[in-house]
Amino acid sequence: MMTRRTLFAAFAAAGGALALPRPSAAAVTDPVADEYHRLLLVHTRWVQQQWDPATGAYRAADFRFAAVLGNAVLLTSDGYDADLAGVDAATLRTRTLATITRFAATNKLAGGADWGQRLFWDSTFELYFVLAARLLWADLDATTRANVDKIARGQAAYAYGLGTGNDPLSGSWTPNGSTGGYVGDTKLEEMGVYAQAIAPGLAWAPTGDADAARWQERFVFWAANSSGLPAADRANPAVVDGRAVSAWNVARNLHDTFIVENHNSANPHYQAELWRTAGRAAAHFLAAGRPLPQVLTRQPNGRELWATLRLLASDAGEPVMPMVADRYHLYGRDVLPLAFLAQVQGDPHAARAEADLAARLMPYLQYAPQYRLTKFSGEEKYEPEARAELAIAYLFHRWRSTPVQPVTSAEFFAAAAGTRDFGPAVGLTAHQSATGFAAAVTKPGQVKFLWQPGHDNWLIDTRAPAFLPAQTAAPLRQSTVAYTTARDGVDSTATVLQTAAGWAGYATLPTGTVVYTGPGTATLTLFNLSMPGVPGLDGSRTFTGPSGSVTPQTGVGDGGTDRLTFAARTARHVRFLGRAAATQYGYSLFAFEAFGTAGTDLARGRTVTVSSADPAYPAANAVDGNAGTRWAVAREERGRADSWLAVDLGSNVQLTGVTLTWEAAYATSYLVQTSTDGVTWSTAVTAPDATLGAWAGIDGRAGVVAHGAAGPITASPTLVSIPAATLVEGYTGTGTDLAAAAARRLPTGGPSTLRLSDADGYLTLLNLSTTAVDNAVLTLTRADRLYRGLSVVRADGRLDLTASVPAAGGAVRPTRFTVTGTAPAGTRFNVADSHHLTVTAPAGAAVDVRLAAGGWSTQAQVPAGATRSYTATFGGPVTPATDLARGRTTFPTSPLPAGMGEPSRAVDGDPATSWRPGPNGRMVVDLGTARTVTAVSLAWTTGTAPAARIETSTDGVTYATLGGSVSARYVAVAVPAWRTGDPDLVHLSVT
């Protein structure tokens, strides 16, 4: 057990020791804490809107009275600013105390009848409420203090009394006993609530309290099991709060790829509940000056869950929501988990994410609806929680003498980079690189590709599919692979889907570049808001194409009134031609006006023709000058995208613009065209799009290239549209010459269903068919890059590579060696892996070229007709690996037992790292799926190798000693007699 002071002292290297029990102005600069304080002040304007003069307290609806925690923090901290808060401190204090007095008395645990006792979600707001009261304890009367104590103790006693059973007051909300659940809807959050319901009573219990010991045991049980994963926990003897993790944990609330589901989708907001509920609980222990239970800083599997969250991180501190986006950009609800990880657990990477989110909060708060910490997909009911948790985050900072300093953004994303296939049940394959995020979602009903170049949280809206048309049905066929550097020499992914609309493929590269092929038009949905203070949100988007830069007009294609101008042109006829409708009702116009150089409406009362019209809403209504009448397409034509309305202006005029006034059935994309004869039409405006070309830069933040497209790329302030193309490449930032990328020749060869790209030096292969590609000869446009396999120099200097791709599958191959110099035609380069190749010279010519890989290079001089082998001696493991254990998940997970080193070091392929078993050491490697295991090899550092026992298991719970070839998913190495000074395990290899 650690006291509040010793807790922070333990993290001295990351941030220093505790400063004061009561928050005060810190001597050390802490910009994040300062920003939290300003936010609480400005958000107080929302709080004051909740004042109810009739009851003399803040409103009860949605527990809005819980805003008193933010008030209490402001009132007990230095620097109160009435101008920012919109209320003077005396009034705020009076209202806060009145609210605490009222709702302490009306709580059911204190004898009231209005609220409380129910675990979901009354106990959460009780936690905030009790903490607020404790901060203002000296200002409360004796009766209110007694009521607050009854709430804290009564809720702890009630939660304890439930055992592992359901709360009868909470309906269907349950942790599913001690078993938990992980398929579809995790019980992580529910178990966390059971724990946090106990926390205030436990933290504020008098020393020697008879109930506290029982509450403590139950609190740790629920907190530990929140992140339970049996295969990991049974292998973990680490002691937490006096008991081994293997003894505490019985629940399963995680997928074995360390991700949680909620609402039948992977939603990181709910994964963060582990640290949200821990943060709520920790605030009470720290405020009370009580020892902090170890489970709050030594959470089973916590490190692995945080690694998953970082894999999905954005530049705003908020993770990407890859599936159901019911918590999208809900900024105020994401603060506390990061603050807890950073300032209590001492993680500098969490401090980076926290600082990034804090920097976005004030612009977000000021954006409409103003003074709210939750918006976009957040209902106003989340405001009390957001304020309370922002207040707790502020307290975590002020309770440190020195805040944990964040790593740089570059360090954060470099450490977070990697790939993971979360498995078919989850339906997510993710790739975080140093320059961007990408993912493929294959879960039925949510099929889509994601791309977030530059980690920009406000560029591409990841609620919509990237490139791939929206898919409502499950794929007819699918495959996905996640390559990792440790196993394959590259971090990348490849996904191929057969959908009802056609075949689609998507590859992600370690450079942040993505490669796409698919049916129909590919689109990227963009954010285009005016949110000063957030990079990129200045109310417009600028695009660059072959003809230069253009900033499309905003306010077009979103309903209402569209006013479009263009260079004067001679026309007698003008028309609207639809391309996409906003609703299922097609198009309907109150008015269509056409303007000449004098600025008068030339269409008023003129002859109108249309593709169709509803009898109740004839075409003439669009030009009759009556704002109450309208034209609408015929009911049977509502599904037609290219409906049109044309006006004969009577004679040729100089036309300079049009205005379209829409009913609710408006066009999101359309053309305005003119004609002199009513037969041949030319486009005056593509609304709201700008026509670009075969390539397009997106606001200086990303770029796309379309190879073999049916037409030019177009862009609006909120949408990039790429006509059906053979291949689309997406590049991050501005470092790529998009014109050159579009003009280059792509690799060719294989069947017509095989798509090939050599973007950024990686060979991407996407097989859009049910037939495997076996030993196809592919022609590469460059002869200086060698990929795994046999490459033969052609007479034209290019290379022919022999390659295979599974049916309906994809692959990404990194450049294994580079060649400097010209090899004669017929030269054969046979690359076995990352370190080995042979060079065979043709019969009539010698080879003299320089080969390089990593930091290694050599001059390859091969006589005519001869073959020579070369081995690169640069560091790093040989890839791809045949070792089944290489790069796989290892147990124990966090926290590690005392004296044990990191088990993953035995399977990383690096001879410079090793696993230290520690006393009675035992490690397990998860092969990911059941494999045939025939042999296990152990390589130790120098010295006499300790006696080791090899065990295997199919379920991660029951193990048997390895004897002969067996089917197993888990392989364990037990070293029961290991003693300090014995060798460490360098390699654990499984074949």
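Residues numbered from 1 in each chain as written. Predicted model: local features only at pLDDT ≥ 70, side-chain atom pairs only at ≥ 80, totals over all residues. Heavy atoms only, no water.

Novice: What am I meant to see in the overall build of the protein chain here?
Specialist: Regarding its fold elements, the protein chain presents 20 helices and 51 strands. Taking 2.2 N^0.38 as the reference for a compact globule, 991 residues should give roughly 30 Å; the C-alpha atoms of the protein chain span a radius of gyration of 32 Å, in line with that estimate. Counting only C-alpha atoms and orienting by the principal axes, one finds that the protein chain spans roughly 95 × 85 × 50 Å. Out of the 991 residues belonging to the protein chain, those deemed buried represent 58%. Sequence-distant contacts in the protein chain: of pairs separated by 6 or more residues, those separated by 24 or more amount to 68%. (Helix = DSSP H or I, 4+ residues; strand = E, 2+ residues; numbered from the N terminus. Rg over C-alpha atoms; globule rule 2.2 N^0.38 Å. Buried < 20%, exposed > 50% of the residue type's maximum accessible area, 1.4 Å probe, protein only. Contact = heavy atoms within 4.5 Å.)

Novice: Whenever I open this one, the environment of Leu 74 confuses me. Can you help?
Specialist: Mapped onto the secondary structure, Leu 74 falls in helix α3 (residues 68-75). Sequence separation between Leu 74 and Val 407 is 333 residues, and the spatial gap between their C-alpha atoms is 29 Å. Setting aside residues up to four positions removed in sequence, Leu 74 forms contacts with His 37, Leu 40, Leu 41, Thr 44, Tyr 80 and Arg 387.

Novice: I'm lost on the side chain of Ser 953 in this one. Help?
Specialist: Mapping Ser 953 onto the fold places it in strand β48 (residues 949-953). Reaching out from Ser 953, the side chain makes a polar contact with the backbone nitrogen of Gly 956 at a distance of 2.8 Å. Side-chain polar atoms of Ser 953 contact the backbone oxygen of Thr 958, separated by 2.7 Å. (Polar contact = N/O pair within 3.5 Å; in protein donor to acceptor, adjacent residues only side chain to side chain.)

Novice: For this particular structure, what's the right way to read the packing of aromatic side chains?
Specialist: Counting across every chain of the model gives 38 aromatic pairs. The rings of Phe 63, Phe 65, Phe 103, Trp 115, Phe 125, Tyr 128 and Phe 129 are connected pair by pair, giving a single aromatic cluster. Residue placement shows Arg 575 over the ring face of Trp 681; its charged tip is 4.3 Å from the ring centre. One Lys or Arg, Arg 630, reaches over the ring of Tyr 617 and ends 3.9 Å from the middle of that ring. (Phe/Tyr/Trp six-rings, centres within 6.5 Å; stacked < 30°, edge-to-face > 60°. Lys NZ or Arg CZ within 6 Å of the ring centre and 35° of its normal.)

Novice: For this particular structure, what's the right way to read the sheet that holds strand β45 (residues 889-891)?
Specialist: Think of a sheet as strands paired side by side through backbone hydrogen bonds, with each pair either parallel or antiparallel. Strands sit in the order β45-β46-β50-β48-β49 across an open sheet of five strands; the sheet is antiparallel. The open sheet has two edge strands, β45 and β49 (960-961), and neither has a second partner. The pairing of strand β46 (residues 921-933) with strand β50 (residues 966-975) spans nine bridges and is antiparallel. Bridge pairing in β50 places Gly 921 opposite Val 975. (Pairing = 2+ DSSP bridges.)

Novice: Sorry if this is basic, but what is going on with the environment of Gln 294 here?
Specialist: Here Gln 294 shows up in the loop between α13 (273-288) and α14 (302-311). A C-alpha to C-alpha distance of 61 Å links Gln 294 and Ala 710, two positions 416 residues apart in sequence.

Novice: Just checking my understanding: could you explain the pattern of salt bridges for this structure?
Specialist: A side chain of one charge can pair with a side chain of the opposite charge if their charged atoms are brought near each other. Here the structure, examined in full by the defined rule, presents 49 salt bridges. Residue Asp 62 is joined to Arg 64 by a salt bridge in which the shortest nitrogen-to-oxygen separation is 3.3 Å. Overall, Asp 62 belongs to the partly exposed group, its relative accessible area being 35%. Arg 969 is the partner of Asp 926 in a salt bridge, and the nearest nitrogen-oxygen pair spans 2.7 Å. Taken as a pair, Asp 926 in strand β46 and Arg 969 in strand β50 lie far apart in primary sequence, 43 residues in all. (Salt bridge = Lys/Arg side-chain N within 4 Å of Asp/Glu carboxyl O.)

Novice: When you look at the side chain of Thr 952 in this model, what are you seeing that I'm missing?
Specialist: By secondary structure assignment, the location of Thr 952 is in strand β48. Residue Thr 952 is classed as buried on the basis of its relative accessible area of 9%. Among residues more than four places away in sequence, those in contact with Thr 952 are Thr 958, Tyr 959, Ala 960, Leu 962, Val 966, Ala 968, Tyr 970 and Val 971.

Novice: Just checking my understanding: could you explain the packing of helix α15 (residues 335-344) against helix α16 (residues 348-366) for this structure?
Specialist: It is the contact of α15 with α16, at a shortest axis distance of 8 Å, that shows an interaxial angle of 140 degrees. Between α15 and α16, the angle is such that the two are oblique. As for the relative orientation of α15 and α16, their crossing is left-handed in sense. Only Ala 350, Ala 351, Ala 353, Glu 354, Leu 357 and Leu 361 of α16 make contact with α15, whose side of the interface consists of Val 335, Leu 338, Ala 339, Leu 341, Ala 342 and Gln 343. (Axes fitted to C-alpha atoms, helices over the stretch in contact; angles between N-to-C directions. Parallel < 35°, antiparallel > 145°, perpendicular 65-115°, else oblique. Left-handed = near helix turned anticlockwise from the far one by under 90°.)

Novice: I tried to follow the pairing of strand β8 (residues 428-432) on my own but got confused; where do I start?
Specialist: Successive residues of a regular strand alternate their side chains across the two faces of the sheet. Counting buried residues in β8 gives five out of five residues, a clear majority hidden from the surface. Here strand β7 (residues 418-421) pairs with β8 via four bridges, running antiparallel. Its bridge partner lying in β8, Arg 420 is registered against Ala 430. The antiparallel pairing of β7 with β8 creates a hairpin that spans six residues between the two strands, and Gly 423 there sits at a positive phi of about 100 degrees. Relative to strand β9 (residues 436-441), β8 runs antiparallel, the two sharing five bridges. When the bridges of β9 are listed, Gln 432 appears paired with Phe 437. If you look at the hairpin formed by β8 and β9, you'll find three residues sitting between the two strands.

Novice: Looking at this model, I keep getting lost on the packing of helix α5 (residues 89-106) against helix α7 (residues 142-161). Mind explaining?
Specialist: Contact geometry of α5 with α7 gives a least axis separation of 9 Å together with a crossing angle of 50 degrees. Accordingly, the angle class assigned to the pair α5 and α7 is oblique. At the point where α5 passes α7, the crossing takes the left-handed sense. Between α5 and α7, the contacting residues are Ile 100, Thr 101, Ala 104 and Ala 105 on the first element and Thr 144, Asn 147, Val 148 and Ile 151 on the second.

Novice: What am I meant to see in helix α17 (residues 383-398) here?
Specialist: Owing to its 3.6 residues per turn, the α-helix aligns residues three or four sequence positions apart on the same side. With 16 residues, α17 should cover 22 Å at 1.5 Å per step; its first-to-last C-alpha distance of 23 Å lies within 8% of that length. With 16 of 16 residues buried, α17 lies mostly within the body of the structure. (Expected span 1.5 Å × (residues − 1).)

Novice: What is the right way to look at the sheet that holds strand β39 (residues 817-820) in this model?
Specialist: Strand order across the open sheet formed by four strands is β35-β39-β42-β43, with antiparallel pairing between neighbours. Both outer strands of the open sheet, β35 (785-786) and β43 (856-862), are each paired with one neighbouring strand and no more. Examined bridge by bridge, strand β42 (residues 847-853) and β43 share seven bridges and lie antiparallel to one another. Of the residues in β43, the one forming a bridge with Asp 848 is Gln 861.

Novice: Before we go on, may I ask you to explain the nonpolar core in this structure?
Specialist: Here is a general trend for soluble globular proteins: nonpolar side chains tend to be buried in one another's company. In this structure, Tyr 36, Leu 69, Phe 129, Phe 219, Trp 275, Leu 296 and Phe 396 are the most contacted members of the largest nonpolar core, which totals 148 residues. When near neighbours in sequence (up to four residues on either side) are disregarded, Trp 275 contacts Gln 299, Gly 302, Leu 305, Trp 306, Leu 309, Pro 337, Phe 340, Leu 341 and Gln 345. By size, the runner-up hydrophobic cluster in this structure holds 49 residues, among which are Tyr 483, Ala 507, Val 793 and Val 805. (Core = buried A, V, L, I, M, F, W, Y, C linked by side-chain atoms within 4.5 Å.)

Novice: Even after reading the chapter, I still don't get the environment of Gly 171, so can you show me in this structure?
Specialist: Within the secondary structure layout, Gly 171 lies in the loop between α7 and α8 (188-203). A residue is classified by how much of its surface remains accessible, and Gly 171, at 55% relative accessible area, is exposed. In this structure the C-alpha to C-alpha distance between Gly 171 and Val 973, which are 802 residues apart in sequence, comes to 46 Å.

Novice: Which parts of the structure should I look at to understand unusual backbone geometry?
Specialist: Most peptide bonds are trans, and most residues other than glycine sit at a negative phi. Of the consecutive residues Thr 879 and Pro 880, the connecting peptide bond is found in the cis state with omega at 0 degrees. Structurally, Pro 880 is set in the loop between β44 (867-871) and β45. The linkage connecting Phe 891 with the following residue, Pro 892, adopts the cis geometry, with an omega of 0 degrees. Checked against the element boundaries, Pro 892 lands in the loop between β45 and β46. In this structure, Asp 62 is a non-glycine residue whose phi angle is positive, near 55 degrees. With respect to the secondary-structure elements, Asp 62 resides in the loop between β2 (57-58) and α3.

Novice: Even after reading the chapter, I still don't get the confidence of the model for the protein chain, so can you show me in this structure?
Specialist: Detailed conclusions should not be drawn from predicted coordinates in areas where pLDDT is low. Looking at the protein chain, pLDDT values average 95 and 97% of them are 70 or higher. Overall, residues 1-26 carries pLDDT values under 50, and its contacts beyond four positions in sequence, including any with other chains, amount to 77 contacts. (pLDDT = per-residue confidence, 0-100.)

Novice: When you look at the pairing of strand β34 (residues 773-780) in this model, what are you seeing that I'm missing?
Specialist: Looking at chain direction, strand β31 (residues 748-749) and β34 are connected through two bridges and run antiparallel. Residue pairing in the sheet places Thr 748 in a bridge with Thr 779 of β34.

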